[in-house]
Amino acid sequence: MGTIGASHISWVQRFGILAGLILAACLLDGLAAVVRTPKTEIRLYPGMKTPVAGKTEAAIPELRWLTYETTAPGLSLTFLEAKGRLWRAELAVEPTAPEGTYTLRVFLHGEKPEDAAQNPLYTVRLLADRQAFQASERSFVLRLLGVSPWIGAAASLPFLVFCLYLSYKASDKLDEALRRQGMAPVYRALRKGSTTTLFFGLGSADGLSPGDSVRVVAEDGRVLGVAQVETVSLNDAQARLEEADRMPPIVYVARF
């Protein structure tokens, strides 16, 4: 008996493993970047605009109540939305602004200096140019490829799902082909002492009956022993294998 298997689906497995590795790597890289990035840090380069959001210590009555102060020359903040203590804005910096590390604080008009000082103080890192900005990314994927790891994860997920689907369909076809030859993979094996109980996908629909004998076969075709069928349903059966050595992870049964 030759090797039992499905070599024709190995390329699906390889692509699936690759897609899974890319998905996991991008997710880990993205999460690590989030953890390593301080919540109060803002990075940008001259001529850049970026969305920012934050909160104040006091509730914001209206959008027009918001104001800010910064040590960064050429930096402007345009408030877009305010709700409760939360605000959303667009931060822009002039193309001629010098690089450096500055501060930014958002507060309400009319707040006392000591109250305004309780609002979060943001660190603004103004990099020299786009290349320096990308080189400062804490995400390895973003720093190396210029692509967000979240985009990489989202792009690899459909490939992983598609490969899993193809693998499932190929496995289903293999099971059908084996069934026509009177064979089926063992999907569960319970060992107790020297006896192993095998559960597999052959049943009365395949002409199997309690008391029948079935060969237990390894993936490479080696016969591991002979099991006695104990219970049978339409498409599944249970058999007992006595004095069995430790079996490999993939095992089949075959009718005589």
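Note: the structure precedes this text.
Reading the values: rules and limits
Residues numbered from 1 in each chain as written. Predicted model: local features only at pLDDT ≥ 70, side-chain atom pairs only at ≥ 80, totals over all residues. Heavy atoms only, no water. Pairing = 2+ DSSP bridges. Helix = DSSP H or I, 4+ residues; strand = E, 2+ residues; numbered from the N terminus. Axes fitted to C-alpha atoms, helices over the stretch in contact; angles between N-to-C directions. Phe/Tyr/Trp six-rings, centres within 6.5 Å; stacked < 30°, edge-to-face > 60°. Buried < 20%, exposed > 50% of the residue type's maximum accessible area, 1.4 Å probe, protein only. Lys NZ or Arg CZ within 6 Å of the ring centre and 35° of its normal.

**A closer look at the sheet that holds strand S5 (residues 86-93)**
The strands that make up a sheet are held in pairs by hydrogen bonds between backbone atoms, and each pair lies either parallel or antiparallel. Here three strands make up an open sheet; going across it, the order is S2-S5-S4 and the pairing antiparallel. Pairing within the sheet leaves two strands with one partner each, and these edge strands are strand S2 (49-55) and strand S4 (75-83). Strand-to-strand, the axes of this sheet are offset by a mean angle of 25°, without reference to chain direction. Note that S2 and S5 share seven bridges and pair antiparallel. Residue Lys55 lies in a different strand from S5, and its bridge partner there is Leu86.

**Things to note about the packing of aromatic side chains**
A ring pair, where both rings are aromatic, is described by two values, the distance of the centres and the angle of the planes. Scanning the model with the defined rule gives four aromatic pairs in all. The interplanar angle of 65° and the centroid separation of 5.5 Å between the aromatic rings of Tyr45 and Phe133 together place this pair among those described as edge-to-face. Of this pair, Tyr45 sits in the loop between strand S1 (41-44) and S2 while Phe133 sits in helix H3 (residues 130-135), placing them 88 residues apart in sequence. Classification of Tyr45 by relative accessible area gives buried; the value is 15%. Here the aromatic rings of Trp87 and Tyr122 are separated by 6.2 Å at their centres, their planes lie at 80°, and the arrangement is edge-to-face. Separated by 35 residues along the polypeptide, Trp87 in strand S5 and Tyr122 in strand S7 (residues 121-126) bring together distant segments of the chain. Trp87 sits in the buried class, given a relative accessible area of 4%. Grouping aromatic residues by their ring pairs yields a cluster made of Tyr68, Phe79, Trp87 and Tyr122. In this structure, Arg188 packs its charged tip against the face of Phe199, placed 5.3 Å from the ring centre. In this structure, Arg215 is placed above the aromatic ring of Phe256, and the distance from its NZ or CZ to the ring centre is 5.5 Å.

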